[in-house]
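# A structural walkthrough
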Amino acid sequence: MNCESNERLLALHAGGDLSAGQASALSAHLRTCEDCRRLAADFAASRELLGTHEPPEFDAAFFDAVRRNVLREIDDAPPPPAFARLTALLFGRRALALAACVVFLFAAGALAPYLREGHRLTGDTPQQVADANGEAQQESDGPSVIDSPAIRDIKVKTTPAVKLTASSSPRRTQIVARATHASRAKRSERVERPPSHVSDRAVAAEIARAAGVAPTLEEAAPASEVAVLAAPAERKMLRIELQTGDPNVRIIWLTPQEPEKLPR
Amino acid sequence: MTENRPTGEAASTDAAAHVDALSALVARARTGDRAAFEQLMVCTQHKVAATAWRLLGNREDARDAAQETFLRAYKYLKSFKTGQDFHGWLYRITVNVCRDMMRARSASPAGSAAREQRGGEFEAATPWSHAEGGDAERAALLAQQRTIVRRALAALPEKERTAVVLRDLEGLATEEVARLMNTRPATVRSQISTARVKLKVFCEQILREKRPGGSGL
(Lines give C-alpha, C1' and ligand atoms only; values in the text may rest on other atoms or scores of the structure.)
Protein backbone atom coordinates (compact mmCIF):
# COMPACT_ATOMS: atom_id res chain seq x y z
CA MET A 1 0.00 0.00 0.00
CA ASN A 2 1.33 3.41 -1.00
CA CYS A 3 1.58 5.60 2.10
CA GLU A 4 1.63 8.86 0.12
CA SER A 5 -1.76 8.19 -1.39
CA ASN A 6 -3.21 7.05 1.91
CA GLU A 7 -4.09 10.48 3.22
CA ARG A 8 -7.45 10.66 1.45
CA LEU A 9 -8.24 7.09 2.39
CA LEU A 10 -7.38 7.82 6.01
CA ALA A 11 -9.65 10.88 5.90
CA LEU A 12 -12.52 8.67 4.82
CA HIS A 13 -11.50 5.93 7.24
CA ALA A 14 -11.76 8.39 10.15
CA GLY A 15 -15.47 8.83 9.48
CA GLY A 16 -16.21 5.23 8.53
CA ASP A 17 -16.78 6.12 4.89
CA LEU A 18 -14.71 3.32 3.36
CA SER A 19 -16.10 0.09 2.00
CA ALA A 20 -15.51 -3.03 4.10
CA GLY A 21 -12.76 -4.23 1.79
CA GLN A 22 -10.92 -0.92 1.76
CA ALA A 23 -11.28 -0.54 5.50
CA SER A 24 -9.84 -3.98 6.27
CA ALA A 25 -6.93 -3.45 3.87
CA LEU A 26 -6.17 -0.09 5.42
CA SER A 27 -6.42 -1.49 8.94
CA ALA A 28 -3.93 -4.20 8.02
CA HIS A 29 -1.58 -1.56 6.66
CA LEU A 30 -1.95 0.59 9.78
CA ARG A 31 -0.77 -2.31 11.94
CA THR A 32 2.56 -2.24 10.16
CA CYS A 33 3.07 1.44 9.23
CA GLU A 34 3.98 3.91 11.96
CA ASP A 35 3.61 7.01 9.73
CA CYS A 36 0.13 6.09 8.60
CA ARG A 37 -0.84 5.32 12.19
CA ARG A 38 0.26 8.80 13.20
CA LEU A 39 -1.70 10.28 10.29
CA ALA A 40 -4.77 8.33 11.30
CA ALA A 41 -4.41 9.63 14.86
CA ASP A 42 -4.26 13.19 13.56
CA PHE A 43 -7.46 12.66 11.59
CA ALA A 44 -9.14 11.22 14.67
CA ALA A 45 -8.03 14.23 16.73
CA SER A 46 -9.26 16.75 14.17
CA ARG A 47 -12.52 14.92 13.95
CA GLU A 48 -12.86 15.11 17.69
CA LEU A 49 -12.12 18.80 17.50
CA LEU A 50 -14.76 19.21 14.83
CA GLY A 51 -17.22 17.69 17.28
CA THR A 52 -16.89 20.80 19.44
CA HIS A 53 -18.65 22.77 16.73
CA GLU A 54 -21.94 22.62 18.57
CA PRO A 55 -24.44 25.43 18.45
CA PRO A 56 -25.01 27.55 21.54
CA GLU A 57 -28.25 27.21 23.37
CA PHE A 58 -30.57 29.67 21.73
CA ASP A 59 -32.68 31.53 24.23
CA ALA A 60 -36.39 32.24 24.04
CA ALA A 61 -35.77 35.78 22.84
CA PHE A 62 -33.93 34.40 19.81
CA PHE A 63 -36.87 32.24 18.76
CA ASP A 64 -39.43 34.91 19.64
CA ALA A 65 -37.65 37.26 17.28
CA VAL A 66 -37.61 34.64 14.54
CA ARG A 67 -41.32 33.87 14.82
CA ARG A 68 -42.29 37.53 15.17
CA ASN A 69 -40.35 38.48 12.05
CA VAL A 70 -41.75 35.58 10.05
CA LEU A 71 -45.34 36.35 10.98
CA ARG A 72 -44.83 40.03 10.29
CA GLU A 73 -43.44 39.27 6.84
CA ILE A 74 -46.35 36.96 6.14
CA ASP A 75 -48.80 39.66 7.16
CA ASP A 76 -46.98 42.33 5.16
CA ALA A 77 -46.82 40.24 2.01
CA PRO A 78 -49.20 41.65 -0.60
CA PRO A 79 -52.19 39.43 -1.25
CA PRO A 80 -52.30 37.75 -4.63
CA PRO A 81 -54.39 39.45 -7.34
CA ALA A 82 -58.13 38.90 -7.09
CA PHE A 83 -58.21 37.00 -10.39
CA ALA A 84 -55.43 34.69 -9.24
CA ARG A 85 -57.24 34.04 -5.98
CA LEU A 86 -60.46 33.34 -7.83
CA THR A 87 -58.84 30.92 -10.26
CA ALA A 88 -56.95 29.28 -7.43
CA LEU A 89 -60.23 28.90 -5.63
CA LEU A 90 -62.15 27.57 -8.60
CA PHE A 91 -59.43 25.52 -10.20
CA GLY A 92 -56.37 23.88 -8.82
CA ARG A 93 -53.26 23.74 -10.93
CA ARG A 94 -54.21 20.39 -12.38
CA ALA A 95 -57.69 21.51 -13.30
CA LEU A 96 -56.26 24.57 -14.97
CA ALA A 97 -53.78 22.49 -16.94
CA LEU A 98 -56.54 20.10 -17.95
CA ALA A 99 -58.73 22.96 -19.12
CA ALA A 100 -55.84 24.37 -21.15
CA CYS A 101 -55.33 20.96 -22.77
CA VAL A 102 -59.02 20.69 -23.64
CA VAL A 103 -59.03 24.15 -25.20
CA PHE A 104 -55.90 23.34 -27.18
CA LEU A 105 -57.30 20.06 -28.44
CA PHE A 106 -60.58 21.72 -29.40
CA ALA A 107 -58.75 24.46 -31.27
CA ALA A 108 -56.50 21.96 -33.00
CA GLY A 109 -59.50 19.85 -33.99
CA ALA A 110 -61.34 22.86 -35.36
CA LEU A 111 -58.36 24.04 -37.38
CA ALA A 112 -57.26 20.64 -38.64
CA PRO A 113 -59.52 20.56 -41.75
CA TYR A 114 -58.35 24.02 -42.76
CA LEU A 115 -54.74 23.07 -42.36
CA ARG A 116 -55.23 19.87 -44.35
CA GLU A 117 -57.21 21.46 -47.16
CA GLY A 118 -56.04 24.93 -47.84
CA HIS A 119 -58.85 25.70 -50.29
CA ARG A 120 -61.33 25.88 -47.44
CA LEU A 121 -59.68 29.06 -46.30
CA THR A 122 -61.51 30.86 -49.06
CA GLY A 123 -64.54 28.63 -49.22
CA ASP A 124 -63.89 27.95 -52.92
CA THR A 125 -62.49 24.99 -54.74
CA PRO A 126 -58.96 25.37 -56.07
CA GLN A 127 -60.34 25.52 -59.59
CA GLN A 128 -62.67 28.35 -58.67
CA VAL A 129 -59.83 30.21 -57.04
CA ALA A 130 -57.59 29.65 -60.02
CA ASP A 131 -60.34 30.83 -62.37
CA ALA A 132 -60.95 33.92 -60.30
CA ASN A 133 -57.26 34.70 -60.21
CA GLY A 134 -56.95 34.17 -63.91
CA GLU A 135 -59.76 36.61 -64.60
CA ALA A 136 -58.27 39.19 -62.32
CA GLN A 137 -54.88 38.88 -63.95
CA GLN A 138 -56.27 38.98 -67.43
CA GLU A 139 -57.95 42.23 -66.53
CA SER A 140 -54.69 43.77 -65.40
CA ASP A 141 -51.95 42.35 -67.58
CA GLY A 142 -49.70 39.33 -67.92
CA PRO A 143 -50.47 35.69 -68.34
CA SER A 144 -53.30 34.04 -66.50
CA VAL A 145 -53.01 31.35 -63.90
CA ILE A 146 -53.22 28.00 -65.62
CA ASP A 147 -53.88 24.78 -63.81
CA SER A 148 -50.69 22.80 -64.09
CA PRO A 149 -50.53 19.05 -63.68
CA ALA A 150 -47.50 19.49 -61.51
CA ILE A 151 -48.36 22.65 -59.66
CA ARG A 152 -51.59 24.00 -58.39
CA ASP A 153 -51.71 27.66 -57.64
CA ILE A 154 -54.09 28.76 -54.97
CA LYS A 155 -54.10 32.40 -54.08
CA VAL A 156 -55.89 33.40 -50.99
CA LYS A 157 -55.38 36.99 -51.82
CA THR A 158 -53.87 38.60 -54.83
CA THR A 159 -52.27 41.98 -54.97
CA PRO A 160 -51.51 44.12 -57.98
CA ALA A 161 -47.96 44.68 -56.78
CA VAL A 162 -46.61 41.23 -57.55
CA LYS A 163 -48.15 38.40 -59.45
CA LEU A 164 -46.69 34.96 -59.16
CA THR A 165 -47.89 32.89 -62.03
CA ALA A 166 -47.47 29.28 -62.94
CA SER A 167 -48.20 28.32 -66.48
CA SER A 168 -47.89 25.23 -68.55
CA SER A 169 -48.00 24.64 -72.27
CA PRO A 170 -47.24 21.73 -74.54
CA ARG A 171 -44.04 23.33 -75.65
CA ARG A 172 -42.55 24.83 -72.58
CA THR A 173 -42.93 25.41 -68.88
CA GLN A 174 -42.67 28.91 -67.57
CA ILE A 175 -42.76 30.15 -64.11
CA VAL A 176 -42.66 33.88 -64.19
CA ALA A 177 -42.68 36.39 -61.45
CA ARG A 178 -43.71 39.68 -62.88
CA ALA A 179 -43.85 42.89 -61.00
CA THR A 180 -46.05 45.63 -62.29
CA HIS A 181 -45.43 48.42 -59.86
CA ALA A 182 -42.65 47.46 -57.54
CA SER A 183 -39.08 48.28 -58.36
CA ARG A 184 -36.77 45.64 -59.73
CA ALA A 185 -34.79 45.46 -56.47
CA LYS A 186 -37.86 44.93 -54.37
CA ARG A 187 -39.23 42.46 -56.83
CA SER A 188 -36.19 40.28 -56.59
CA GLU A 189 -36.68 40.14 -52.83
CA ARG A 190 -40.24 38.93 -53.16
CA VAL A 191 -39.55 36.16 -55.58
CA GLU A 192 -38.62 32.80 -54.19
CA ARG A 193 -34.94 32.38 -54.79
CA PRO A 194 -33.10 29.17 -55.45
CA PRO A 195 -30.01 28.33 -53.43
CA SER A 196 -27.08 30.39 -54.51
CA HIS A 197 -25.13 27.42 -55.76
CA VAL A 198 -27.90 26.43 -58.17
CA SER A 199 -28.13 28.43 -61.33
CA ASP A 200 -31.53 29.67 -62.42
CA ARG A 201 -31.22 28.02 -65.76
CA ALA A 202 -30.40 24.69 -64.19
CA VAL A 203 -33.48 25.00 -62.03
CA ALA A 204 -35.63 25.88 -65.00
CA ALA A 205 -34.24 22.92 -66.83
CA GLU A 206 -35.17 20.65 -63.97
CA ILE A 207 -38.68 22.04 -63.86
CA ALA A 208 -39.06 21.55 -67.55
CA ARG A 209 -37.74 18.03 -67.32
CA ALA A 210 -40.25 17.29 -64.56
CA ALA A 211 -43.05 18.58 -66.76
CA GLY A 212 -41.73 16.62 -69.74
CA VAL A 213 -41.19 19.61 -72.03
CA ALA A 214 -38.26 21.35 -73.62
CA PRO A 215 -36.24 23.36 -71.11
CA THR A 216 -36.71 26.87 -72.41
CA LEU A 217 -36.93 30.06 -70.49
CA GLU A 218 -39.09 32.97 -71.38
CA GLU A 219 -36.80 35.56 -72.81
CA ALA A 220 -38.60 38.47 -71.23
CA ALA A 221 -38.03 37.18 -67.77
CA PRO A 222 -34.51 37.62 -66.43
CA ALA A 223 -32.96 34.54 -64.97
CA SER A 224 -33.04 36.07 -61.50
CA GLU A 225 -36.82 36.21 -61.58
CA VAL A 226 -37.37 32.53 -62.11
CA ALA A 227 -38.89 30.94 -59.09
CA VAL A 228 -38.11 27.46 -57.94
CA LEU A 229 -41.14 25.27 -57.96
CA ALA A 230 -39.74 21.89 -58.76
CA ALA A 231 -41.90 18.93 -57.97
CA PRO A 232 -42.29 15.37 -59.14
CA ALA A 233 -44.45 15.21 -62.21
CA GLU A 234 -46.59 12.43 -60.75
CA ARG A 235 -47.51 14.30 -57.60
CA LYS A 236 -49.75 17.29 -57.54
CA MET A 237 -48.62 20.22 -55.53
CA LEU A 238 -50.76 22.45 -53.42
CA ARG A 239 -49.67 26.02 -53.34
CA ILE A 240 -51.10 28.55 -50.93
CA GLU A 241 -50.27 32.21 -51.04
CA LEU A 242 -51.06 34.43 -48.13
CA GLN A 243 -50.69 38.16 -48.48
CA THR A 244 -49.88 39.71 -45.14
CA GLY A 245 -50.78 43.20 -44.03
CA ASP A 246 -47.38 44.31 -45.24
CA PRO A 247 -47.57 44.46 -49.05
CA ASN A 248 -43.91 43.49 -49.22
CA VAL A 249 -44.41 40.23 -47.36
CA ARG A 250 -46.19 37.32 -48.92
CA ILE A 251 -46.17 33.83 -47.52
CA ILE A 252 -46.05 31.08 -50.10
CA TRP A 253 -46.66 27.53 -49.01
CA LEU A 254 -45.94 24.72 -51.45
CA THR A 255 -46.81 21.25 -50.28
CA PRO A 256 -47.29 17.87 -51.94
CA GLN A 257 -50.92 16.89 -52.09
CA GLU A 258 -52.37 13.45 -52.51
CA PRO A 259 -54.23 13.29 -55.84
CA GLU A 260 -57.43 11.90 -54.36
CA LYS A 261 -57.62 14.79 -51.91
CA LEU A 262 -57.56 17.45 -54.59
CA PRO A 263 -61.02 18.27 -55.84
CA ARG A 264 -61.21 18.59 -59.55
CA MET B 1 -35.77 20.05 25.02
CA THR B 2 -34.45 19.00 28.39
CA GLU B 3 -37.19 16.49 29.22
CA ASN B 4 -36.34 12.86 29.93
CA ARG B 5 -36.09 10.77 26.81
CA PRO B 6 -38.49 7.84 26.73
CA THR B 7 -37.25 4.50 25.48
CA GLY B 8 -38.60 1.46 23.63
CA GLU B 9 -42.28 1.27 22.86
CA ALA B 10 -43.04 4.43 24.76
CA ALA B 11 -40.63 6.30 22.55
CA SER B 12 -42.17 4.98 19.36
CA THR B 13 -45.65 5.80 20.65
CA ASP B 14 -44.54 9.31 21.49
CA ALA B 15 -42.93 9.68 18.09
CA ALA B 16 -46.11 8.53 16.36
CA ALA B 17 -48.17 10.94 18.44
CA HIS B 18 -45.74 13.72 17.59
CA VAL B 19 -46.01 12.94 13.88
CA ASP B 20 -49.80 12.92 14.11
CA ALA B 21 -49.83 16.22 15.93
CA LEU B 22 -47.46 17.68 13.37
CA SER B 23 -49.62 16.43 10.50
CA ALA B 24 -52.68 18.01 12.07
CA LEU B 25 -50.83 21.29 12.45
CA VAL B 26 -49.65 21.16 8.86
CA ALA B 27 -53.18 20.48 7.65
CA ARG B 28 -54.50 23.45 9.60
CA ALA B 29 -51.62 25.71 8.53
CA ARG B 30 -52.32 24.85 4.89
CA THR B 31 -55.77 26.32 5.24
CA GLY B 32 -54.22 29.60 6.37
CA ASP B 33 -54.42 29.03 10.12
CA ARG B 34 -51.78 31.40 11.44
CA ALA B 35 -51.78 29.99 14.94
CA ALA B 36 -51.17 26.50 13.58
CA PHE B 37 -48.21 27.73 11.55
CA GLU B 38 -46.78 29.49 14.58
CA GLN B 39 -47.13 26.25 16.52
CA LEU B 40 -45.32 24.44 13.71
CA MET B 41 -42.48 26.91 14.07
CA VAL B 42 -42.32 26.30 17.81
CA CYS B 43 -42.10 22.55 17.21
CA THR B 44 -39.27 22.76 14.69
CA GLN B 45 -37.34 25.93 15.51
CA HIS B 46 -34.58 24.32 17.57
CA LYS B 47 -33.59 21.89 14.85
CA VAL B 48 -33.76 24.56 12.16
CA ALA B 49 -31.64 27.01 14.14
CA ALA B 50 -29.06 24.40 15.13
CA THR B 51 -28.62 23.17 11.55
CA ALA B 52 -28.37 26.72 10.29
CA TRP B 53 -25.79 27.59 12.92
CA ARG B 54 -23.65 24.56 12.10
CA LEU B 55 -23.68 25.43 8.43
CA LEU B 56 -23.26 29.19 8.77
CA GLY B 57 -21.21 29.43 11.94
CA ASN B 58 -22.78 32.38 13.69
CA ARG B 59 -25.93 33.26 15.53
CA GLU B 60 -27.01 36.20 13.43
CA ASP B 61 -26.86 34.28 10.15
CA ALA B 62 -28.59 31.36 11.82
CA ARG B 63 -31.45 33.65 12.80
CA ASP B 64 -31.74 35.03 9.27
CA ALA B 65 -31.64 31.52 7.86
CA ALA B 66 -34.32 30.30 10.27
CA GLN B 67 -36.58 33.16 9.29
CA GLU B 68 -36.06 32.55 5.60
CA THR B 69 -36.63 28.83 6.10
CA PHE B 70 -39.99 29.37 7.78
CA LEU B 71 -41.02 31.93 5.18
CA ARG B 72 -40.26 29.48 2.38
CA ALA B 73 -42.05 26.74 4.25
CA TYR B 74 -45.12 28.94 4.55
CA LYS B 75 -44.94 29.87 0.89
CA TYR B 76 -44.67 26.28 -0.32
CA LEU B 77 -46.78 24.63 2.34
CA LYS B 78 -49.51 23.96 -0.22
CA SER B 79 -47.08 21.86 -2.24
CA PHE B 80 -46.28 19.72 0.82
CA LYS B 81 -47.83 16.31 0.28
CA THR B 82 -49.86 14.77 3.04
CA GLY B 83 -48.03 11.85 4.57
CA GLN B 84 -44.62 13.27 3.66
CA ASP B 85 -42.03 13.65 6.42
CA PHE B 86 -42.43 17.27 7.50
CA HIS B 87 -39.12 17.35 9.37
CA GLY B 88 -37.28 16.05 6.32
CA TRP B 89 -39.04 18.53 4.08
CA LEU B 90 -38.18 21.41 6.40
CA TYR B 91 -34.62 20.16 6.80
CA ARG B 92 -34.17 20.24 3.05
CA ILE B 93 -35.43 23.82 2.93
CA THR B 94 -33.05 24.77 5.76
CA VAL B 95 -30.05 23.32 3.95
CA ASN B 96 -31.04 25.05 0.73
CA VAL B 97 -31.48 28.39 2.47
CA CYS B 98 -28.10 28.07 4.17
CA ARG B 99 -26.40 27.12 0.93
CA ASP B 100 -27.97 30.15 -0.76
CA MET B 101 -26.68 32.34 2.04
CA MET B 102 -23.20 30.84 1.83
CA ARG B 103 -23.09 31.47 -1.90
CA ALA B 104 -24.30 35.03 -1.46
CA ARG B 105 -21.74 35.56 1.25
CA SER B 106 -18.87 34.25 -0.83
CA ALA B 107 -20.05 36.37 -3.75
CA SER B 108 -19.58 39.58 -1.75
CA PRO B 109 -16.15 39.63 -0.05
CA ALA B 110 -16.86 42.91 1.74
CA GLY B 111 -20.01 41.54 3.31
CA SER B 112 -18.20 38.34 4.17
CA ALA B 113 -15.43 40.15 6.01
CA ALA B 114 -17.90 42.31 7.89
CA ARG B 115 -19.99 39.33 8.89
CA GLU B 116 -16.96 37.37 9.91
CA GLN B 117 -15.81 40.15 12.17
CA ARG B 118 -19.28 40.77 13.57
CA GLY B 119 -19.91 37.06 14.00
CA GLY B 120 -16.62 36.55 15.77
CA GLU B 121 -17.36 39.29 18.22
CA PHE B 122 -20.87 38.03 18.75
CA GLU B 123 -19.88 34.44 19.29
CA ALA B 124 -17.08 35.42 21.69
CA ALA B 125 -19.68 37.02 23.92
CA THR B 126 -22.12 34.14 23.66
CA PRO B 127 -22.37 31.91 26.73
CA TRP B 128 -21.94 28.23 25.92
CA SER B 129 -24.26 26.09 27.92
CA HIS B 130 -22.07 23.01 28.03
CA ALA B 131 -18.67 24.66 28.09
CA GLU B 132 -18.60 25.33 31.79
CA GLY B 133 -17.32 22.47 34.00
CA GLY B 134 -16.06 24.92 36.56
CA ASP B 135 -12.63 24.92 35.01
CA ALA B 136 -11.93 28.35 33.55
CA GLU B 137 -8.79 27.22 31.80
CA ARG B 138 -10.53 24.32 30.15
CA ALA B 139 -13.45 26.54 29.17
CA ALA B 140 -11.05 29.00 27.60
CA LEU B 141 -9.33 26.20 25.70
CA LEU B 142 -12.64 24.90 24.47
CA ALA B 143 -13.67 28.36 23.32
CA GLN B 144 -10.39 28.68 21.47
CA GLN B 145 -10.86 25.33 19.78
CA ARG B 146 -14.35 26.23 18.74
CA THR B 147 -13.20 29.48 17.26
CA ILE B 148 -10.54 27.72 15.22
CA VAL B 149 -12.95 25.05 14.03
CA ARG B 150 -15.48 27.70 13.07
CA ARG B 151 -12.86 29.58 11.10
CA ALA B 152 -11.60 26.40 9.52
CA LEU B 153 -15.12 25.53 8.41
CA ALA B 154 -15.66 29.06 7.16
CA ALA B 155 -12.54 28.74 5.00
CA LEU B 156 -13.90 25.68 3.20
CA PRO B 157 -15.66 26.02 -0.13
CA GLU B 158 -19.43 25.93 0.17
CA LYS B 159 -19.89 22.38 -1.11
CA GLU B 160 -17.13 20.85 1.00
CA ARG B 161 -18.39 22.64 4.04
CA THR B 162 -21.97 21.55 3.50
CA ALA B 163 -20.89 17.97 2.90
CA VAL B 164 -18.70 17.71 5.98
CA VAL B 165 -21.20 19.44 8.27
CA LEU B 166 -24.09 17.28 7.13
CA ARG B 167 -22.03 14.09 7.32
CA ASP B 168 -19.89 14.65 10.42
CA LEU B 169 -21.96 17.04 12.52
CA GLU B 170 -25.53 16.34 11.48
CA GLY B 171 -24.74 12.64 11.23
CA LEU B 172 -26.47 12.01 7.91
CA ALA B 173 -25.53 9.07 5.72
CA THR B 174 -23.46 9.84 2.64
CA GLU B 175 -26.39 8.92 0.38
CA GLU B 176 -28.68 11.29 2.25
CA VAL B 177 -26.12 14.09 1.99
CA ALA B 178 -25.85 13.42 -1.73
CA ARG B 179 -29.62 13.61 -2.08
CA LEU B 180 -29.76 16.91 -0.22
CA MET B 181 -26.95 18.34 -2.30
CA ASN B 182 -28.34 17.00 -5.57
CA THR B 183 -25.18 15.12 -6.37
CA ARG B 184 -23.74 11.60 -6.34
CA PRO B 185 -22.49 9.81 -3.21
CA ALA B 186 -19.06 9.42 -4.81
CA THR B 187 -18.85 13.18 -5.21
CA VAL B 188 -19.87 13.69 -1.60
CA ARG B 189 -17.19 11.22 -0.45
CA SER B 190 -14.60 13.15 -2.41
CA GLN B 191 -15.77 16.45 -0.93
CA ILE B 192 -15.77 15.01 2.58
CA SER B 193 -12.30 13.60 2.15
CA THR B 194 -10.90 16.91 0.90
CA ALA B 195 -12.65 18.83 3.64
CA ARG B 196 -11.31 16.54 6.37
CA VAL B 197 -7.76 16.90 5.07
CA LYS B 198 -8.08 20.68 5.11
CA LEU B 199 -9.63 20.69 8.56
CA LYS B 200 -6.83 18.49 9.84
CA VAL B 201 -4.27 21.03 8.65
CA PHE B 202 -6.09 23.74 10.56
CA CYS B 203 -6.44 21.62 13.65
CA GLU B 204 -2.78 20.59 13.61
CA GLN B 205 -1.94 24.16 14.45
CA ILE B 206 -3.72 23.79 17.77
CA LEU B 207 -2.34 20.33 18.38
CA ARG B 208 1.21 21.57 17.83
CA GLU B 209 0.61 24.46 20.23
CA LYS B 210 -0.84 22.26 22.97
CA ARG B 211 1.38 19.19 22.75
CA PRO B 212 4.59 20.75 24.23
CA GLY B 213 2.65 21.94 27.28
CA GLY B 214 0.99 18.57 27.68
CA SER B 215 -2.49 20.01 27.62
CA GLY B 216 -3.44 18.80 24.19
CA LEU B 217 -6.65 17.14 23.19
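Figured I'd write up the structure that's included with this text. If you're wondering where the values come from, they're calculated on a predicted model, not measured in any experiment. Note on numbering: residues in each chain are counted from 1, in written sequence order. As they are written, the chains are lettered A onward and the ligands numbered 1 onward, keeping that order. Only residues with pLDDT of 70 or above have their local features reported here, since the model is predicted, and side-chain atom pairs are shown and tallied only from 80 upward, although totals for entire chains, interfaces and linings are computed over all residues. Calculation of side-chain values draws on the structure's entire complement of heavy atoms; hydrogens and water are dropped beforehand.

## Points about the interface of chain B and chain A
In this description, contact between two residues means that some pair of their heavy atoms is separated by no more than 4.5 Å. Facing the 50 residues of chain B at the interface are 35 residues of chain A. Carbon and sulfur atoms make up 66% of the area that chain B and chain A hide from each other, which totals about 4,100 Å². Accessible area that two parts lose when put together, with a 1.4 Å probe and added across both, is what the buried area reports. The largest share of the area that chain B buries against chain A comes from R59, R196 and K200 of chain B, three residues that together contribute 15% of it. When a carboxyl oxygen of Asp or Glu is within 4 Å of a side-chain nitrogen of Lys or Arg, the pair counts as a salt bridge. Applying the counting rule to chain B against chain A returns 8 salt bridges. Whenever two N or O atoms come within 3.5 Å, that pair is a polar contact, provided that in protein one can donate a hydrogen and the other can accept it, and provided that, for residues adjacent in sequence, both atoms are side-chain atoms. Our count for the chain B to chain A interface comes out at 16 residue pairs in polar contact (both at pLDDT 80 or more). Here a helix means four or more residues in a row that DSSP labels H or I, a strand means two or more in a row labelled E, and each is numbered from the N terminus. Counting residues per element, the ones that place at least two in the side of chain B that touches chain A are α2 (34–56), α3 (59–75), α6 (136–155), α7 (158–169) and α9 (185–210) of chain B. Per element, the largest residue contribution to the side of chain B that touches chain A is 13 residues, and it comes from α9 of chain B. Its residues assigned to classes, the side of chain B that touches chain A shows 25 nonpolar, 11 polar and 14 charged. Three classes are used: nonpolar for Ala, Val, Leu, Ile, Met, Phe, Trp, Tyr, Cys and Pro, charged for Asp, Glu, Lys and Arg, and polar for all others, with Gly counted as polar.

## Some remarks on helix α2 (residues 20–32) of chain A
An α-helical segment advances 3.6 residues per turn. Residues three or four places apart therefore align on the same side. Residues and elements named next belong to chain A. For α2, built from 13 residues, the straight-helix expectation of 18 Å at 1.5 Å per residue is met to within 8% by its first-to-last C-alpha distance of 19 Å. Classification of residues uses two cut-offs on accessible area relative to the type maximum, computed with a 1.4 Å probe and protein chains only: under 20% is buried, over 50% is exposed, and between them is partly exposed. Here α2 has its buried residues at A23, L26, H29 and L30. Seen from one end, α2 has its buried residues packed into an arc of 125°, which puts them on one side. Exposed and facing more than 90 degrees away from the buried side of α2 are A20, R31 and T32. Packed against the buried residues of α2 are α1 (6–14) and α3 (34–50). One fewer than the residue count of a helix, multiplied by 1.5 Å, yields its expected span. In this description, the arc belongs to the directions extending from the helix axis to the C-beta atoms.

## Focus: the nonpolar core
Counting 60 residues, the largest nonpolar core has V70 of chain A together with F37, L40, F70, F86, L153 and V164 of chain B as its most contacted members. Excluding residues within four positions of it along the chain, F70 of chain B makes contact with V66 and V70 of chain A together with F37, M41, T44, Q45, V48 and L90 of chain B. Definition used in this section: a nonpolar core is a set of buried Ala, Val, Leu, Ile, Met, Phe, Trp, Tyr and Cys residues joined via side-chain atoms within 4.5 Å. Ranked by size, the runner-up nonpolar core spans 13 residues in total, among them L10, A23, C33 and F43 of chain A.

## Describing helix α4 (residues 60–76) of chain A
End to end, α4 of chain A covers 24 Å across 17 residues, agreeing with the expected 24 Å (1.5 Å per residue, within 8%). Those residues of α4 of chain A that sit buried are F62, F63, A65, V66, R67, N69, V70, L71 and I74 of chain A. Packing partners of the buried residues in α4 of chain A comprise α2 and α3 of chain B.

## Digging into the packing of aromatic side chains
Residue and element names in this part refer to chain A. Aromatic rings from Phe, Tyr and Trp, with only the six-membered ring used for Trp, were paired whenever their centres fell within 6.5 Å, and each pair was classed as stacked if the ring planes differed by under 30 degrees, edge-to-face if by over 60, and tilted otherwise. All chains considered together, the criterion is met by 7 aromatic pairs over all chains. With 4.4 Å between their ring centres and 25° between their planes, F58 and F62 make a pair best called stacked. By relative accessible area, F62 is classed as buried at 5%. Ring geometry for F58 and F63: centres 6.0 Å apart, planes at 70°, overall edge-to-face. For F63, a relative accessible area of 4% corresponds to the buried category. Through pairs of rings, three or more aromatic residues link up here, namely F58, F62 and F63.

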